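# Architecture and fold: a report
Read off the chains here:
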Amino acid sequence: MKGMVLTGIKPTGTPHIGNLVGAIEPVVRLARDYDRSTIFIADLHALNAVTDAGAIARWTHEVALALLAAGIDPDRTLFFRQSDVPEVYQLTLLLMNVTPKGLMNRAHAYKASIDANAAAGRDPDVGVNMGLYTYPILMAADILLYGADCVPVGKDQKQHVEFARDIANSFNTLYRGEHLRTPEPVVFAGGEMIPGLDGRKMSKSYNNTIPLFASDKEVWNLVKKIKTDSRGVGEPKEPDSLSLFQIYRHLGTSEEAATLRSDLEGGIGYGDAKKRLAELIDRRLEPFRAAAASPGAEERVETVLREGAERARTLARETVATVQQAMLGRSAV
Ligand code: TRP
């Protein structure tokens with residue numbers, strides 16, 4: 001497809017198989033589908049919630065390694081770590097001046113926090129930092145810095161892309177010119193959700209995940225914990241109501257899913273079904289384990305990210321120069 005697609009992935013936990021099918025693989029497909037693609041690890045976006053620097057650095061590396069192992073080609077995709085491009089700090093501050101406070105008041109994540117405080121009878125701003133409040137401006141800077149045409153989003157991020165459009169449009173109106181390209185949100189073809197071990201959405205906040213870099217032994221110990229009902233061997237099962245089948249279906253081929261479905265309906269035991277799921281997970285995790293175990297993996301990821309950032313900065317400097325010229329009557333030095 002024509003144009004440039006852009007997305008950021010926030011490193012707020014160790015990547016797991018829910019992230020694999022919901023974000024990592026769909027992002028790799030998008031990068032293949034578009035003429036140009038920009039993908040970055042949005043570590044600055046983690047800062048309003050995570051204060052453990054070591055954890056942010058580790059998760060950034062794990063997410064980057066996972067994206068590379070899943071097929072991101074850093075020669076074709078502009079691939080970097082957000083904080084390696086300091087121009088994003090500059091653009092964020094400049095854009096604050098064209099962003100109405102009322103727009104930020106309407107942001108879903110911020111509103112959820114103040115509503116929760118109000119419901120608990122607390123001061124509405126308890127626990128709300130300016131990183132959370134201005135999160136959409138940082139995200140607009142990400143999008144506008146590189147001149148993205150489209151930003152794939154699930155439901156939770158659509159408002160942010162609309163804000164980026166609003167901010168670009170106000171800028172272009174106030175400073176009379178097509179300085180910033182307005183992005184389109186495109187509905188994310190991927191974005192599938194899989195259940196975790198307890199049947200709720202797989203998410204690190206529920207502690208119900210299967211990590212991408214788990215060993216086969218760890219995988220088996222987790223798979224054993226997946227909740228089922230109490231039907232015994234020989235009794236027909238209901239595949240669609242089973243987390244174990246939902247996970248299997250998202251990771252396997254349609255033939256594999258059809259076979260497990262009919263075997264479950266035919267009465268195979270949960271123990272056998274779990275063995276099959278663990279085998280499938282092991283097969284799917286193999287490229288990630290291999291990438292993590294290969295000598296020098298950490299340094300290679302770091303080099304790829306830094307080289308990507310150098311290329312990203314060339315674009316970013318131009319945008320900051322354009323914006324400074326329009327706002328201050330001088331371009332960046
Ligand atoms: N806010 C996004 C999320 O939480 C991550 C993100 C940061 C992003 N910058 C972006 C997504 C720019 C798309 C475009 O998932």
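Look up a bit, the structure's there.
In what follows, the accompanying structure is described.

Conventions and cut-offs
Residues numbered from 1 in each chain as written. Predicted model: local features only at pLDDT ≥ 70, side-chain atom pairs only at ≥ 80, totals over all residues. Heavy atoms only, no water. Helix = DSSP H or I, 4+ residues; strand = E, 2+ residues; numbered from the N terminus. Rg over C-alpha atoms; globule rule 2.2 N^0.38 Å. Buried < 20%, exposed > 50% of the residue type's maximum accessible area, 1.4 Å probe, protein only. Contact = heavy atoms within 4.5 Å. Areas by Shrake-Rupley, 256 points an atom, 1.4 Å probe, with all protein chains shown as cover. Lys, Arg positive; Asp, Glu negative; His and termini not counted. Charge placed at Lys NZ, Arg CZ, Asp CG, Glu CD. Polar contact = N/O pair within 3.5 Å; in protein donor to acceptor, adjacent residues only side chain to side chain. Near = heavy atom within 4 Å. Nonpolar A, V, L, I, M, F, W, Y, C, P; charged D, E, K, R; others polar. Core = buried A, V, L, I, M, F, W, Y, C linked by side-chain atoms within 4.5 Å. Axes fitted to C-alpha atoms, helices over the stretch in contact; angles between N-to-C directions. Parallel < 35°, antiparallel > 145°, perpendicular 65-115°, else oblique. Pairing = 2+ DSSP bridges. Right-handed = clockwise from strand over helix to strand, strands pointing away.

All right, on to the overall build of the protein chain then. Scanning the protein chain for helices and strands turns up 13 helices and five strands. Relative to a compact globule of 333 residues, whose C-alpha radius of gyration would be 20 Å, the protein chain shows 22 Å and is just as compact. The principal-axis extents of the C-alpha atoms in the protein chain amount to approximately 75 × 50 × 35 Å. Here the protein chain holds 333 residues, and 47% of them are scored as buried. Within the protein chain, counting contacts between residues at least 6 apart in sequence, those at least 24 apart form 75% of the total. Taken as a whole, the protein chain presents about 16,100 Å² of accessible surface, with 52% of it coming from carbon and sulfur. Mean positive and mean negative side-chain charge positions of the protein chain (40 and 42 charges, respectively) differ by 3 Å.

Here the focus is the environment of Arg76. Mapped onto the elements of the fold, Arg76 is located in the loop between α2 (53-69) and β3 (77-81). Ignoring sequence-local partners within four residues, the contact set of Arg76 consists of Ala31, Arg32, Tyr34, Asp35 and Ser37. Separated by 3.3 Å, the side chain of Arg76 and the backbone oxygen of Tyr34 make a polar contact.

Every one of the 13 residues lining the ligand counts as a neighbour, but His45, Tyr135, Met139, Asp142 and Gln157 are closest to it. Asp142 places a side-chain nitrogen or oxygen 2.8 Å from a nitrogen atom of the ligand. Here Gln157 contributes a side-chain N or O atom positioned 3.0 Å from a nitrogen atom of the ligand. For the shell around the ligand, the elements supplying multiple residues, two or more each, are β1 (4-9) and α7 (135-145). Per-element tally for the shell around the ligand: the top contributor is α7, with four residues. Counted by class, the shell around the ligand contains seven nonpolar, four polar and two charged residues.

Bringing the side chain of Thr134 into the picture now. On the secondary structure map, Thr134 appears in the loop between α6 (130-133) and α7. On the accessibility criterion, Thr134 (16% relative accessible area) is buried. A distance of 2.6 Å separates a polar side-chain atom of Thr134 from the backbone oxygen of Met130. Those residues within four positions of Thr134 in sequence are excluded, and the remaining contacts are Met96 and Met104.

Once that is clear, we can look at the nonpolar core. Core analysis: the largest hydrophobic core is formed by 52 residues, its most contacted members being Ile17, Leu67, Ile210 and Ile281. A total of nine residues in this core trace back to one element, the largest contributor, which is helix α12 (residues 270-293). Residues contacting Ile281, with those up to four places away along its chain left out, are Ile17, Ile210, Val219, Val223 and Leu251. Listed in part, the 47 residues of the second largest apolar core include Leu94, Met104, Leu132 and Val153.

Moving on, we come to helix α3 (residues 87-96). Residue pairs three or four apart in sequence face the same way in an α-helix, which turns once every 3.6 residues. Taken together, the buried positions of α3 are Glu87, Val88, Leu91, Thr92, Leu94 and Leu95. On the buried face of α3, the contacting elements are α7, α8 (155-174) and α13 (297-328).

Turning our eyes to something else, we now look at unusual backbone geometry. Among all residues except glycine, the phi angle is most often negative; among peptide bonds, the trans geometry is most common. Positive phi values are uncommon outside glycine, yet Arg176 reaches one of about 40°. Inspection of the secondary structure assignment puts Arg176 in the loop between α8 and β5 (184-187). Even without being a glycine, Asn207 presents a positive backbone phi close to 55°. With respect to the helices and strands, the residue Asn207 is situated in the loop between β5 and α9 (216-224).

This part covers the packing of helix α10 (residues 243-251) against helix α11 (residues 254-265). Axis separation between α10 and α11 bottoms out at 8 Å; the angle between their running directions is 160°. One finds that α10 runs roughly antiparallel with respect to α11. Where α10 approaches α11, its residues Phe245, Tyr248 and Arg249 are matched on the opposing element by Glu256, Ala257, Leu260, Arg261 and Leu264. Of the residues assigned to the contact of α10 with α11, the class counts are five nonpolar, no polar and three charged.

Now for the pairing of β1. Of all six residues that make up β1, five are buried, and the element is covered over most of its length. Pairing analysis gives six bridges linking β1 to strand β2 (residues 36-41), with the strands arranged parallel. Of the residues in β2, the one forming a bridge with Gly8 is Phe40. Assessed by its sense of winding, the connection that carries the chain from β1 through helix α1 (residues 17-33) to β2 is right-handed.

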